[in-house]
Each structure stands twice: as structure tokens, then as C-alpha cells.
Amino acid sequence: MKPSIVYCLKLLLLLALGGVTMHVPDEDTVVASLGSLRLDGHFGFGHDAHAAARDFGNRCSLLPAAVLHPGSVSDIAATVRRVFLLGRHSPLTVAARGHGHSLLGQSQAAGGIVVKMESLAAAGGGDTAMRVHGGHVDVPGGELWINVLRETLKHGLAPRSWTDYLHLTVGGTLSNAGVSGQAFRHGPQVSNVNQLEIVTGRGDLVTCSPEENSDLFYAALGGLGQFGIITRARIALEPAPKMVRWIRVLYSDFETFTEDQEMLITAEKSFDYIEGFVIINRTGILNNWRTSFKPQDPVQASQFQSDGRVLYCLELTKNFNHDEADIMEQEVGALLSRLRYISSTLFYTDVTYLEFLDRVHTSELKLRAQGLWDVPHPWLNLLIPRSTIHKFAKEVFGKILKDSNNGPILLYPVNRTKWDNRTSVVIPDEEIFYLVGFLSSAPSSSGHGSVEHAMNLNNQIVDFCEKNGVGMKQYLAPYTTQQQWKAHFGARWETFERRKHTYDPLAILAPGQRIFPKASLPMSL
Ligand code: FAD
């Protein structure tokens, strides 16, 4: 049986048997416990509950008792407060659900209440409107980043730090970290927030920032939803460029590839976005690029043979406005002249800033049309220190994945100095570390396209890291026991646990992260 299914069954069994009074609550329990609340929004059951028992990972389904569609922030505060007041013997928990793009049930709540944060964003007006002022934007926690971009562009502004895909919510990515090719310069999204408004696990509505209630502010950033529900965030903005020069080049040597990446992320003048990906066992890669990119030298590019080799693609952008196109060309030329890519593989295109940032959505639409979006996604995201990335690459790309992999593999470095160590995010202990994302899809029930196959490869990779002192940390970690989480947090566990006891003492929030099971908290709390 698949490990994820085993986990889900175990959890249901535990909920059913664990503790003397524990049972999986149903619609009647919610109506009896919360029916008297006066709400601007409403609770949904049936179809709503089934929809909330799904996520992007498509490998874990935990049915909640009810879904709250909040019509205001006070709906969320009132619901959490009521669950808090029901006390530790009530089995009810509460999970905020952003866009449900978690990988293994992290935004689900078996027999609990799922708060559909997008309903709050859609409610409009009052405390749920987006507002641009003084170099930042105030947004509801359930707002999608694509909507934040569209709104801020009306003012000629945009957030500085992104994720590769924008159909994720502000509260969801800030609860993890939010990493993309701009992080080398601006840090992850959690480093670009000035203020949060949070409903804690006691149902208190608290405004926090680096100056005010700072412990809660830093706890919630990368806090996996454990300390409160982010109902509003104040995001830093910068002037938005109109256009982007989007460039791809290939390397066949891993060392040269990573040396160039590291040179670019530490250079004073550099590109505006720096990522990379690994290409294994693909044929005609440059031909695929031709549908959206132009080769710098069409003749040379047509002679390039990719077949069978492991290749490394460096992906870069330079922002510009139309009247600065000449300067952009000069700057890009100077930067490219310092790189050692295979010269025939330089491809580029010019697109609007919005088109570039929303690029993964274009792929999503294509995959949806082929029925390949709503399939299981056994993803593995790792943060690997610079000192072990070569050892890692040799084993993983040279051996474990030599013959097969089922999706894009991202690989790019970021600077630790841009990550604030007061947040809850866990990263490797080195100046430069790499984000390596194995973004597998599993469209078939057996063979190379199956979940089992991808999980087997993932397990081999994690195993290698653990047995060979790679110093890896998982991002979007799908751990299922507190023991694993303790190991993940290491010396930072104590702070994480202390913050949990302070802000969510009954362990009501985000049960799908499986860090603090409600029934297991010490009675003294
Ligand atoms: P959910 O999955 O709904 O929630 C995630 C967790 O946060 C849950 O525990 C939930 O309870 C909690 N939560 C949700 N909203 C709130 C809130 N308002 N307050 C408190 N807790 C909350 N990540 C990156 O960093 N970089 C990327 O480039 C990137 N690309 C991605 C591309 C795709 C196609 C997908 C599917 C995911 C990608 N991610 C990336 C991962 C993404 O950050 C996570 O999926 C994250 O969970 C955000 O998704 P969501 O908004 O749907 O949140």
C-alpha cells in the first residue's frame, strides 16, 4: 500500500480510537457546536467538504466535517474562538485552505473545519479589499498572487519576490517561504512582508510586524499555519518593469553550470531572475524551445544534439521598459559574455512582465487540456548546501535518475543572508544553498509514470542525503511524525514548540501538517 494512503488510514484510525472521547466529528457535531454563531458568511457541507478533501498532490483525502466560507475576518476569529472554548476534549480542528495546492493533505482537516480563505478574498470591500499605499499593498490572506500582481500593476508597482506559479494564495506561500528566481536578490516572499494580521489559535485577532508583536510575526512566516490564520498581509512593492528579456542557455558540465549560477547570484550587477533546471533523457530539447524562444544563432542551434546527455539549463531574465531596450541589450551582452554555456544554445524572447510571471499558468492550461493536471504529484523539494551539491548531483543525476524522471527538475542557488532567521523557515546552515525541486507527475497506475515509481526514486534520493551527510533540509516537507519534525527543526524545535504553546495551545490549527496532534498535547497547557 502507498505510504500516503497508509498515513491517511492511520490518521482516521487514530482519530476514531485515540483518546477516550475522540471521534471523527460530522456535520451534526459542527451544527451543534457552532450553529449558534452569527456569521457574515456560512458553513458548507456535502459537496463543499468533498472538495476540501482534495489537494494538488492528489494523494491524500481527509474529509472535513464542514467548510467555513468566511464573509469577514470576524467570522474566522469567532469560529476559531468557539472551537478553542470547546476545549481539549473536542475533536474539532481548523485548517486554513489557500488554493489547496499542498502536496499531502497539509490544508486538510479530518473531521475538522476547513476555512476557505479564497471566500474571504472574494467577499470584497471593508477588511477584505486590496489596497496599494506608501510602497506596499495590503491584501487578504486568501488572495491569489496573480490577483495581487494585476492590482499592483495598475499603480505601476509589483511585489519583489515571487513563486514560479502565481495561482497560490498569499497566506499559503507565506506559511511556507515562497521561493523563486528573484530570491537571490530579495530573499523569499517571507522576507518581503511588513505586517500581518492574524487570528491565533485562541481566536484573538492580532496585528503584528517586526516592531509590534514581533514574536508572532516571525512565528507565522514559514510557520506552516501552526500559530494563526493570516487574514491580511502587507507586502513590499517596487516599480514594475513593462518588459522582460527571458533567456535560456545550456551547459553539459555541472561544475561550470553551478559556478556560473553562483557568480551571477553574488555579482553586484546581475540578472533580475536566476533559476536553472536539469534535463535528463530528453530528445530535441532546443526544438521544443523554438515554439516560444528565438535562437541567437539559428544555424548553430539547429546542429546541436541533446540526445541522451544530462544537460543543465540556466534560465535568466532582465527587466526593461521600452525606452531602455538599448541599455538592456548592452547589460545582457556584458553579463552573458562572462558565462561559459554551450554557445549554440543561447535562446531568448521578450515578453511582458505579467506574461513572464504567469508563465506556469500557460503550462497549466496545456496540461489541463490533456487531462494531465489533476493527477498525483509526488513532488520532492530539497534545500542542499553548496558544499555538498556536487556529491548530490553526481549520485542523483548520474545514478538514481539516470534512466527516468517524470517531470521538471529545478536547481538554483540562493543567498542565506537574504533569509531572516527569526522566521520559522528551516534552511541549511551555509551561505549559499540550492533549491532542488523534483516536480514529478504520476499519470499512470503502474510503471514509470506511477506514484510508486516516483516515490521509490524520491526515497532513494532522501536516503542518499541522510546516509551521506548532505546536510539537506526539505522544503514543503511531508513529514508524518513529530519525531521527524523535531529532526527537521533541530535546535530550532524548542522555539517552534514554545510558540505553538503560546499562540495555539490546544493545537487546533493546520492539523494536516501532522506536527502537533490535538489529543497529544500535555494536559498542563
Ligand atoms: P494551501 O496548500 O491551501 O495551504 C498550505 C498550508 O498553509 C496549509 O497548512 C494551510 O493550512 C496553511 N495556510 C493556508 N492559508 C493560510 C493562511 N491564510 N494563514 C495561515 N495558514 C494558511 N512554492 C514556492 O515556494 N515556490 C514556487 O515556485 C512554487 N511553485 C509551485 C508551483 C505549483 C504548480 C504548485 C502546485 C505549488 C508551488 N509551490 C511553490 C508550493 C506552494 O508554495 C505551496 O503549494 C503552498 O502550499 C501554497 O499553496 P496554497 O496557497 O494553495 O496553500
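Bear in mind the structure is a predicted one, so any value in this text is a computation, not a measurement. (Residues numbered from 1 in each chain as written. Predicted model: local features only at pLDDT ≥ 70, side-chain atom pairs only at ≥ 80, totals over all residues. Heavy atoms only, no water.)

Asker: When you look at the site of the ligand in this model, what are you seeing that I'm missing?
Answerer: Neighbouring residues of the ligand: 32 residues in total, closest A96, G98, S102, D164 and Y475. Here an oxygen atom of the ligand and a backbone polar atom of H99 are 2.8 Å apart. Note that an oxygen atom of the ligand is positioned 2.6 Å from one of the side-chain N or O atoms of Y475. When its residues are assigned to classes, the shell around the ligand shows 12 nonpolar, 18 polar and two charged. (Near = heavy atom within 4 Å. Polar contact = N/O pair within 3.5 Å; in protein donor to acceptor, adjacent residues only side chain to side chain. Nonpolar A, V, L, I, M, F, W, Y, C, P; charged D, E, K, R; others polar.)

Asker: What exactly am I supposed to notice about the confidence of the model for the chain here?
Answerer: Parts of the model with low pLDDT should not have their predicted coordinates read in detail. Across the chain, the average pLDDT comes to 92, with 93% of residues at 70 or higher. Predicted confidence is poor over residues 1–22, with pLDDT under 50, and the contacts of this stretch with residues over four places away or in other chains come to 25 contacts. Taken together, the stretch residues 520–525 has pLDDT below 50 and engages in 11 contacts with residues farther than four places along the chain or on a different chain. (pLDDT = per-residue confidence, 0-100. Contact = heavy atoms within 4.5 Å.)

Asker: Can you walk me through the packing of aromatic side chains in this structure?
Answerer: Both the distance between ring centres and the angle between the ring planes are used here to describe each pair of aromatic rings. The tally for this structure, following the rule as stated, stands at 27 aromatic pairs. Here F254 and Y312 contribute two aromatic rings whose centre-to-centre distance is 5.2 Å and whose plane-to-plane angle is 65 degrees, an arrangement assigned as edge-to-face. Remark: Y312 occurs in strand β14 (residues 311–320) and F254 occurs in helix α10 (residues 254–266); sequence separation between them is 58 residues. Here the two residues F254 and Y312 agree in accessibility, since each one is buried. Here the aromatic rings of Y273 and F356 are separated by 4.9 Å at their centres, their planes lie at 85 degrees, and the arrangement is edge-to-face. Separated by 83 residues along the polypeptide, Y273 in strand β12 (residues 273–279) and F356 in helix α14 (residues 353–357) bring together distant segments of the chain. The exposure class assigned to F356 is buried, which follows from its relative accessible area of 1%. Aromatic rings pair up to connect F227, Y479, W485, F489, W493, F496 and F516 into one cluster. (Phe/Tyr/Trp six-rings, centres within 6.5 Å; stacked < 30°, edge-to-face > 60°. Helix = DSSP H or I, 4+ residues; strand = E, 2+ residues; numbered from the N terminus. Buried < 20%, exposed > 50% of the residue type's maximum accessible area, 1.4 Å probe, protein only.)

Asker: Before we go on, may I ask you to explain the packing of helix α16 (residues 389–400) against helix α17 (residues 451–467) in this structure?
Answerer: Axes are the key here: two packed helices are described by the angle between their axes and the distance separating the axes. Remark: α16 packs on α17, axes separated minimally by 11 Å, with the N-to-C direction vectors making an angle of 150 degrees. In terms of their interaxial angle, α16 and α17 are classed as roughly antiparallel. Relative to α17, α16 is oriented so that their crossing is right-handed. Here K391, F392, E395, V396 and I400 of α16 lie close against α17, whose contacting residues are L457, Q460, I461, F464 and C465. Classifying every residue of the contact of α16 with α17 gives seven nonpolar, one polar and two charged. (Axes fitted to C-alpha atoms, helices over the stretch in contact; angles between N-to-C directions. Parallel < 35°, antiparallel > 145°, perpendicular 65-115°, else oblique. Left-handed = near helix turned anticlockwise from the far one by under 90°.)

Asker: Help me out: how do you make sense of the sheet that holds strand β15 (residues 347–352) in this one?
Answerer: What links the strands of a sheet is backbone hydrogen bonding, and the strands pair in either a parallel or an antiparallel sense. Spatial ordering of the open sheet is given by β13-β15-β11-β14-β12-β17-β18-β16-β19, a layout of nine strands whose pairing is antiparallel. Since the sheet does not close on itself, it has two edges, and those belong to β13 (294–295) and β19 (473–475), each with one partner. Relative to β15, strand β11 (residues 243–251) is paired through six bridges, and the arrangement is antiparallel. Pairing of R245 across the sheet is with D350, part of β15. Against the sheet, α10 contacts β11, β12, β14, β17 (409–415) and β18 (432–438), and its axis sits at roughly 40 degrees relative to β17. (Pairing = 2+ DSSP bridges.)

Asker: Before we go on, may I ask you to explain empty space enclosed by the protein in this structure?
Answerer: Unoccupied space between atoms shows up once a probe the size of one water molecule is rolled over them. Inspection of every chain in the model, using the stated rule, returns four cavities of 30 Å³ or more. By volume, the largest cavity is sized at about 130 Å³. Around the largest cavity sit 15 residues that line it, and N176, L224, V426, Q474 and H488 are the ones nearest its centre. Secondary-structure elements contributing two or more residues to the lining of the largest cavity are β19 and α18 (482–489). For the lining of the largest cavity, the element with the most residues is α18, which contributes three residues. Taken together, the residues that form the lining of the largest cavity break down as nine nonpolar, six polar and no charged. There are two domains that each give the lining of the largest cavity at least three residues, and those are domain 1 (121–240) and domain 2 (243–474). (1 Å grid on protein atoms, 1.4 Å probe; cavity = no way out; pocket = protein on both sides within 12 Å on 5 of 7 lines; lining within 4 Å. Points joined across faces, edges and corners; volume = space filled by probe spheres on them. Domains from an automatic or database assignment.)

Asker: What's the story with the pattern of salt bridges in this structure? I'm lost.
Answerer: Where charged atoms from two side chains of opposite charge approach closely, those side chains can pair. Applying the stated rule across the entire model yields 22 salt bridges. Among the ionic pairs, R499 bridges to D215, the shortest N-O distance being 3.2 Å. With R499 in helix α19 (residues 493–503) and D215 in helix α9 (residues 214–220), the pair connects residues that are 284 residues apart, well separated along the chain. Overall, R499 belongs to the buried group, its relative accessible area being 7%. Across the pair R245 and D350 runs a salt bridge whose closest N-O atoms are separated by 2.5 Å. One end of the pair, R245, is in strand β11; the other, D350, is in strand β15, with 105 residues separating them in the sequence. Since its relative accessible area comes to 33%, D350 is described here as partly exposed. Ionic contacts of the salt-bridge type, sharing partners, join the residues D138, E197, R232 and R234 into one network. (Salt bridge = Lys/Arg side-chain N within 4 Å of Asp/Glu carboxyl O.)

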